[in-house]
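Observations on the three-dimensional arrangement
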Amino acid sequence: MPAYTLPDLTYDYSALEPYISGRIMELHHSKHHNAYVTGANTAIEQLEEARATGNLSAVNQLEKNLAFNLGGHINHTALWANMSPDAGGEPHGEIADAITEHFGSFAAFKAQFTAVGAGVQGSGWAILAWDSVGERLVIVQLYDHQGNLTLGMVPIVLLDCWEHAYYLDKLNVRADYIAAWWNLVNWEDANERLARAKTQLNGLIIPA
Ligand SMILES: [Fe+2]
């Protein structure tokens, strides 16, 4: 059994139109995400082989491959659930209260998150994350799929800023893609993730 499998989407590829085209969703899920799943499983298998043979000469590259591909798998799995055809608008519930508490207002949060996504250099992600050490929401930039993050954080809302996420629809204008994406944010999913993060992760790494 492979360690990782490609999850099914809970909506059709075309369900996010007109904000994200069905063609992009199909390629993004069935090609890009699938490649990360395959890459992560390959890295696991090659590390098993390296241990079995005692030949660990390629361990640095294998570890990098595992981090990159497993990061791609994790990020995209959360990304699909973070979006919904019947979503967008302003948040509600616990996530709305937490955003106001930690960013001042939804408008201030939205402006910072948009700037962080637009500013990602090269390939990467903008992420609203729960920091289980500070017990607060933070916005972070993730380089590629796995860089520039500290341990202790879990994603609540992710925005894929790789060109493969928008180039077919928006060409080089990432700002238009981000503006459209706000119409798809699934705040219900964000509420569920925030509740799990608070109850299951706070104090895990640095006990209170
Ligand atoms: Fe992606």
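Residues numbered from 1 in each chain as written. Predicted model: local features only at pLDDT ≥ 70, side-chain atom pairs only at ≥ 80, totals over all residues. Heavy atoms only, no water.

1. Here we look at the nonpolar core
- Met83, Phe109, Leu128, Leu137, Ile156 and Trp187 are the most contacted members of the largest nonpolar core, which totals 50 residues.
- If one sorts the elements of this core by residue count, strand E1 (residues 124–131) sits on top with six residues.
- Shared between two domains, this core takes at least three residues from each, and those domains are domain 1 (21–82) and domain 2 (93–201).
- What isoleucine 156 contacts, discounting residues up to four positions off in sequence, is Asn82, Ile95, Leu128, Ala129, Trp130, Leu137, Ala190, Arg193, Leu194 and Ala197. (Core = buried A, V, L, I, M, F, W, Y, C linked by side-chain atoms within 4.5 Å. Buried < 20%, exposed > 50% of the residue type's maximum accessible area, 1.4 Å probe, protein only. Helix = DSSP H or I, 4+ residues; strand = E, 2+ residues; numbered from the N terminus. Domains from an automatic or database assignment. Contact = heavy atoms within 4.5 Å.)

2. Some points on empty space enclosed by the protein
- Under the criterion given, the structure shown has one cavity of 30 Å³ or more.
- Approximately 50 Å³ is the volume found for the largest cavity.
- Ile20, Ile24, Met25, His28, Leu79, Trp80, Met83, Asp160, Ala165 and Tyr177 together form the lining of the largest cavity.
- Those elements that provide at least two residues to the lining of the largest cavity are helix H1 (22–53) and helix H2 (59–82).
- Residue contributions to the lining of the largest cavity peak at three residues, all from H1.
- For the lining of the largest cavity, a count of residues per class yields eight nonpolar, one polar and one charged.
- Shared between two domains, the lining of the largest cavity takes at least three residues from each, and those domains are domain 1 (21–82) and domain 2 (93–201). (1 Å grid on protein atoms, 1.4 Å probe; cavity = no way out; pocket = protein on both sides within 12 Å on 5 of 7 lines; lining within 4 Å. Points joined across faces, edges and corners; volume = space filled by probe spheres on them. Nonpolar A, V, L, I, M, F, W, Y, C, P; charged D, E, K, R; others polar.)

3. Some points on the pattern of salt bridges
- Across all of its chains, the model carries two salt bridges by this definition.
- The shortest N-O distance in the salt bridge between glutamate 94 and lysine 198 comes to 2.9 Å. Here the residue glutamate 94 occupies a position in helix H3 (residues 93–103), and lysine 198 occupies one in helix H7 (residues 187–201), the gap between them amounting to 104 residues.
- The exposure class assigned to glutamate 94 is partly exposed, which follows from its relative accessible area of 33%. (Salt bridge = Lys/Arg side-chain N within 4 Å of Asp/Glu carboxyl O.)

4. What to know about the coordination of the iron ion
- His28 (NE2), His76 (NE2), Asp160 (OD) and His164 (NE2) make up the full set of protein donors to the iron ion, lying at 1.9 to 2.1 Å.
- Because the angles between the four donor atoms bound to the iron ion fall within 91 to 132 degrees, the donor set is best described as tetrahedral.
- On the primary sequence, the residues serving as donors to the iron ion are separated as H-x47-H-x83-D-x3-H. Note that histidine 76 is positioned in helix H2 and aspartate 160 in strand E3 (residues 153–160), a separation of 84 residues in sequence. (Donors = N, O, S within 2.8 Å, 3.2 Å for Na, K, Ca; no water. Tetrahedral: all angles 85-135°; square planar, octahedral: opposite > 155°, others 65-115°.)

5. A look at the domain arrangement of the protein
- In terms of domains, the protein is made up of domain 1 (21–82) and domain 2 (93–201).
- Using only C-alpha atoms to locate each centre, domain 1 and domain 2 end up separated by 22 Å.
- Every contact between the two is made by 18 residues of domain 1 and, on the other side, 21 residues of domain 2.
- When domain 1 packs against domain 2, the two sides together hide about 1600 Å² of surface, and 58% of this comes from carbon and sulfur.
- Per-residue buried area on domain 1 facing domain 2 is highest for Ile24, Asn75 and Asn82; these three make up 39% of the total on that side.
- Connecting domain 1 to domain 2 are zero salt bridges.
- Where domain 1 packs against domain 2, one counts twelve residue pairs in polar contact (both at pLDDT 80 or more). (Buried area = accessible area lost by both parts, 1.4 Å probe. Polar contact = N/O pair within 3.5 Å; in protein donor to acceptor, adjacent residues only side chain to side chain.)

6. What about the environment of valine 133?
- Along the chain, the position of valine 133 falls in the loop between E1 and strand E2 (136–143).
- Considering only alpha carbons, one finds valine 133 and asparagine 202, 69 residues apart in sequence, at a separation of 6.5 Å.
- Contacts of valine 133, omitting those with residues within four sequence positions, involve Gly152 and Ile206.

7. Quick notes on the side chain of histidine 73
- Note that histidine 73 resides in helix H2.
- You can call histidine 73 buried: its relative accessible area is 9%.
- When neighbours within four sequence positions are excluded, histidine 73 is seen to be in contact with Tyr4, Thr5, Pro7, His33, Tyr36 and Val37.

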